[in-house]
Amino acid sequence: MSETMLAVRRMTKRFGGLMAVRQVTLEIPQGAIASLIGPNGAGKTTFFNCVTGFYTPEEGDILFRGASIKGLRADQIAWRGIARTFQNIRLFGEMTALENILVGMHPRLKGGVLAALTGLHGGEERRAIARAMELLEFVGLAGYGDYPAVNLSYGLQRRLEIARALASNPALLLLDEPTAGMNPGETDEMMVFIRRLRDELALTVFLIEHDMKLVMGVSDQVSVMDYGQKISEGTPAAVQSDPAVIEAYLGTVSHTMMEEFDETPLPPEARG
Amino acid sequence: MAIPRKPAPGWLSQHTLPTTFYAAVVLVILTLTGMFGNFAEKDVITGRLALHLVALVLVLGVPAWFVVRPLVAAPAAQRLLNGALCGGLLALVLATMVFIEASLESIEGLVFVFQNYRPLSPAGLLTYGFSGDGLVFPGLLLLILTGAGIGALLALAVRLPGAVLSTAVISAALLVVFGLMALQIRAVISLPEALVLLLTLSGGYGVARWLPAGGVWRRAAGGAAAGLVAGGLVLLLVNGGALAPDGLLAADAAVTRLLLLPELPRLMVLVLVGLAGALLTLAAPALHQAGWLLAGGLVAFGVLNASGRMNDVTALLTLLIFAGTLLLPRWLLPAAAADHAALPPAQRVTVNRCIWLGGLAVLLVAPVFLGQYITNVLDLVMLYIIMGIGLNIMVGYAGLLDLGYVASFAIGAYACALLTTPSVITLGCVDTATVAGLRHYEMCVGAIAGWPGIGILTFWQALPLAILASACAGMLLGIPVLRLRGDYFAIVTLGFGEITRVITRASITEPLLGSAQGISPIPFPVINLSAVGGPVINLDSAQTVYYIYVGGVLLAIFVLTRLAGSRIGRAWRAMRADEDAAEAMGVNLVRMRLLAFALSAAFAGMSGAFFGAQLRGIFPDSFTILVSINVLSLIIIGGLGSIPGVIVGALMLVGLPEALRELQDYRLLAFGVLLVVAMLLRPQGLIPPAPRQLATPPAGGAA
Ligand SMILES: Nc1ncnc2c1ncn2[C@@H]1O[C@H](COP(=O)(O)OP(=O)(O)O)[C@@H](O)[C@H]1O
Ligand SMILES: [Mg+2]
């Protein structure tokens, strides 16, 4: 494919004596859907937190569209076009669904104190609300705009969190376990939805996921982490048959999960 | 292992005994601090009802209410038993204390320990006047029966409709407030005037309401016509000699303001009142209620003025007036609410604007009627409203628990005082010949006589600088705590508040800040219009400074509403909800926090400048941590982040205690109880902010 959206070079993040991420190198081409999998505690969320500026890695470099973003603050990284969701939903509970999305637009709006006081940002504000309504509709939340986020159901909150991330018009979207806590039906919808994100919004999507069916179904590229290290990478088919991956999963995860991992039928494009 | 416990009998609610116990502890403390004895000297209704009986009913009734309230669905017998048990037991505790006091040989020991204690038994304060031989029987027995009776009554009342209950409680509370303040509020308005106003308002309302198919303009015209008619009648009456000492409208000349106006202004006022009545038929529900309550309040003021003091008849009338103005509009409400909802959006905006303008007009003329004392209280309330709005930016929006808000208040006050008053700084700027031989006080004396003193600047020039100074100081203070979270942040800001106060009274800063003597006298603000041929207005009294405060409050409300609905306000609220998520959404936490620091400090600085100019002097002791706590409490009670909440909170926590100076030492106690009760009943505050409805287009539009 064309340009590289995200390139992580030999990144290491330590917590005291614990190396949560160890010398990980990883590249995501523009327009790809990439997945990061691995047992619990493998360091996946920590990896995301380093990329989005919540942690500064001790070693290595992070390049976003060719420029280093290592050491930048989370808000600066958001301004540059990386948006994310969280493993445990972190919406602004008292604010309405629409306001949550408007906060997501923060980097794309200009109005400061003076604009607010003089009312000069009225046009921008109206356009922002219109755009937020579109986003609500896009994620299937039309009609819920005025509900406080806490009052939404779990599934709707997950979608709202994605809509909020989309609001900043990011180039790269990081999703941390988007289907956690969802039933199989909702998970299938999420799979379709993630494809739409790439196809309709031309986004590059990078997701952490435990549901193998979804991972194998949508990913162009799968990376596997265990104990902070990247142990495998490639197409879903290649990863699925990698002995190192099977080893890692056998060592830590229950057999039922392994079975699911084995039985997941590969989508045609992944096989070919 | 759980200890086996004997289950309580089925009829006894699990709340009854614990609630009674806690209430009994409070009751014992209150009694030992001499509350009943002290309150006995304060009449609510002259010669009939003293404050100690009101206190008695509250101390017995409130716990009983909390006991019977959860039992609302229980059978009557169970409610009665629990309520009577609670009230009766509490009264028994009280009776025991009275009995012990009566059997002591002397109460000197008691008074030695509890210095405010006043004897209860000799005068039979709580025993219907029975003392001596009759103290125990029937006196104390009656007391206990009273307690049980109150509990039982509440047990029955708990089933009454909410509207009736709240009406009863609010009317009774207003009666007590009126009774205690009778002397100060007697001079608000005379009865004939109040009645003229009420009739004009109702006339406008009635015409507009029952006008066939009345749109906004027809209603307005009807209301104005009603006002004209009223004006004409008053004119006839006045010309017919009704204002003569024995005339129909004759009233206390000292308070007659409206009727003695020249003809044209009087007519205009009445037309406006008629118009207001007409607009009320279209007002939003809350405004509709408020409008009628205001009208009722005026009549109650008038009745009080007519009778001179709160006697039995006045009390009964006051109670009826308030009950009426609370209940009657409820009956009118559905129609008004429907009409309000049916208004086309453009007209609704017009109507709302007119009503707000009307409210503003009332606010502007209020000090003329309310007199020195109450206006003073209102000034203080507005001072706290400005600070409450400022602190809301920090606590309610940005989510930063600032316990040292008084620091910014002090900085604004001192900055303004330094710039407007002779001091080390200012004397450096004045040529020595002018001040040769004058002492500090004498340099300011000129100001008292209407001359702006020898500061470098006038109040108006100093005000923006003072605001700027405290905004900058707020930001500087903010820098070291930027990275702190939650509790640590609160503690450090607490320190800032104290440090500021300590600096103001330190001996090093004495030449500049005056140490414990503070800075005084500070010249009052002067509006000098002589350049354009206008008058020179001295803002040197509570009633004139009032207008500065009104301006400040309006400015603060404007700024906060504008910011709240903007990108900045949303970023703050997001930060408060979840800092990390907000940062991930691109919110620059440092910048947003500093902005919150600066803006909230600016409002505190503004209040500080007003405060100094009103009191004409500032002293370190005005800037204690109590100020921070007061402001914080009032915004929490009102509802964090809500502007109506700040107003109601300030009226309740600052206005009421100030107005009820009668309660003296018990103000803080009542304050505490109020806080606890309010937080138990409404943890979100009295008026929590409503979610912003941005997605739904305003109702009543093309639907
Ligand atoms: N802030 C932190 N401080 C200390 N240890 C952490 C922190 N965050 C994560 N860890 C540790 O790093 C390891 C990786 O965690 P995480 O990235 O959350 O794993 P995953 O998302 O793959 O389940 C875990 O052992 C976890 O306990
Ligand atoms: Mg994780």
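Cut-offs and rules
- Residues numbered from 1 in each chain as written.
- Chains lettered and ligands numbered in written order.
- Predicted model: local features only at pLDDT ≥ 70, side-chain atom pairs only at ≥ 80, totals over all residues.
- Heavy atoms only, no water.
- Donors = N, O, S within 2.8 Å, 3.2 Å for Na, K, Ca; no water.
- Helix = DSSP H or I, 4+ residues; strand = E, 2+ residues; numbered from the N terminus.
- Pairing = 2+ DSSP bridges.
- Axes fitted to C-alpha atoms, helices over the stretch in contact; angles between N-to-C directions.
- Domains from an automatic or database assignment.
- Buried area = accessible area lost by both parts, 1.4 Å probe.
- Salt bridge = Lys/Arg side-chain N within 4 Å of Asp/Glu carboxyl O.
- Polar contact = N/O pair within 3.5 Å; in protein donor to acceptor, adjacent residues only side chain to side chain.
- Nonpolar A, V, L, I, M, F, W, Y, C, P; charged D, E, K, R; others polar.
- Contact = heavy atoms within 4.5 Å.
- Near = heavy atom within 4 Å.
- Areas by Shrake-Rupley, 256 points an atom, 1.4 Å probe, with all protein chains shown as cover.
- Expected span 1.5 Å × (residues − 1).
- Buried < 20%, exposed > 50% of the residue type's maximum accessible area, 1.4 Å probe, protein only.

### So, the coordination of the magnesium ion (ligand 2)
Every protein donor of the magnesium ion (ligand 2) is accounted for by Thr45 of chain A (OG1) and Gln87 of chain A (OE1), and the metal-donor separations fall at 2.0 to 2.2 Å. With Thr45 of chain A in helix H1 (residues 44–51) and Gln87 of chain A in the loop between strand E6 (82–84) and helix H3 (97–104), this pair connects stretches of sequence that are 42 residues apart.

### Examining the sheet that holds strand E9 (residues 221–226) of chain A
Residue and element names in this part refer to chain A. Strands sit in the order E6-E7-E8-E3-E9-E10 across an open sheet of 6 strands; the sheet is mixed. The strands lining the two open edges of the sheet, one partner per strand, are E6 and strand E10 (229–234). Each neighbouring strand pair of the sheet contributes to a mean axis angle of 20°, computed without reference to strand direction. Where strand E3 (residues 33–37) and strand E8 (residues 204–208) come together, 4 bridges link them in parallel fashion. Note that in E8 the partner of Ala34 across the bridge is Phe206.

### Concerning the domain arrangement of chain B
All names here are of chain B. We note that the domain assignment places domain 1 (16–159), domain 2 (184–243 + 250–343) and domain 3 (380–421 + 456–681) within chain B. If you average the C-alpha positions of domain 1 and of domain 2, the two centres end up 41 Å apart. The contact between domain 1 and domain 2 buries some 380 Å² in all, and 44% of this surface belongs to carbon and sulfur atoms. Taken as a group, Ile45, Thr46 and Arg48 account for 88% of the area that domain 1 buries against domain 2, more than any other trio of residues on that side. At the boundary of domain 1 and domain 2, one finds 1 salt bridge. The salt bridge involving Arg48 is made with Asp312; its shortest N-O contact spans 2.5 Å. Put simply, domain 1 and domain 2 have 2 residue pairs in polar contact (both at pLDDT 80 or more) between them. Residue composition of the side of domain 1 that touches domain 2, grouped by class: 2 nonpolar, 1 polar and 1 charged.

### Let's talk about the side chain of Thr493 of chain B
Residues and elements named next belong to chain B. Position of Thr493 relative to the elements: it lies in helix H20 (residues 486–504). There is a polar contact of 2.7 Å between the side chain of Thr493 and the backbone oxygen of Ala490. Contacts of Thr493, omitting those with residues within four sequence positions, involve Leu401, Asp402, Leu403 and Gly404.

### Thoughts on the site of ligand 1
Residue and element names in this part refer to chain A. In the vicinity of ligand 1, the contacting residues are Phe15, Leu18, Ala20, Pro39, Asn40, Gly41, Ala42, Gly43, Lys44, Thr45, Thr46 and Tyr55. Measuring from an oxygen atom of ligand 1, one finds a backbone N or O atom of Ala42 at 3.2 Å. At 2.7 Å from an oxygen atom of ligand 1 is found a side-chain nitrogen or oxygen belonging to Thr45. In isolation ligand 1 exposes 560 Å². Once the protein is present, 62% of that is buried. Counting residues per element, the ones that place at least two in the shell around ligand 1 are strand E2 (18–29) and H1. For the shell around ligand 1, the leading source of residues is H1, giving 3 residues.

### Focus on helix H25 (residues 589–615) of chain B
Residue and element names in this part refer to chain B. Compared with an ideal rise of 1.5 Å per residue, which puts 27 residues at 39 Å, H25 spans 38 Å between its outermost C-alpha atoms and is within 8% of the ideal. The buried count for H25 comes to 23 of 27 residues, which makes it a mostly enclosed element. After H25 finishes, the residue Arg616 shows a positive phi value of roughly 65°.

### Structural notes on the interface of chain B and chain A
The accessible area lost on association of the parts is a frequent measure of interface size. Of the residues lining the interface, 32 residues belong to chain B; the matching set on chain A comes to 38 residues. Here chain B packs against chain A, burying approximately 3100 Å² in sum over the two surfaces, 61% of which is carbon and sulfur. Taken as a group, Arg567, Arg570 and Met585 of chain B account for 27% of the area that chain B buries against chain A, more than any other trio of residues on that side. Taken together, the links from chain B to chain A amount to 4 salt bridges. For the pair chain B and chain A, the number of links is 12 residue pairs in polar contact (both at pLDDT 80 or more). Tallying contributions element by element places helix H23 (residues 567–577) of chain B first for the side of chain B that touches chain A, with 7 residues.

### Considerations on the sheet that holds strand E5 (residues 67–68) of chain A
Residue and element names in this part refer to chain A. Strand order in the open sheet formed by 4 strands is E2-E1-E4-E5, with antiparallel pairing between adjacent strands. The open sheet has two free edges, formed respectively by E2 and E5, since each of these has just one partner strand. As judged from the 8 bridges shared by strand E1 (residues 4–15) and E2, these two strands associate in the antiparallel manner. Following the sheet pairing, Arg14 is matched in E2 by Met19. Along the sheet, H1 contacts E1, E2 and strand E4 (59–64); its crossing angle with E1, the most-contacted strand, is approximately 115°.

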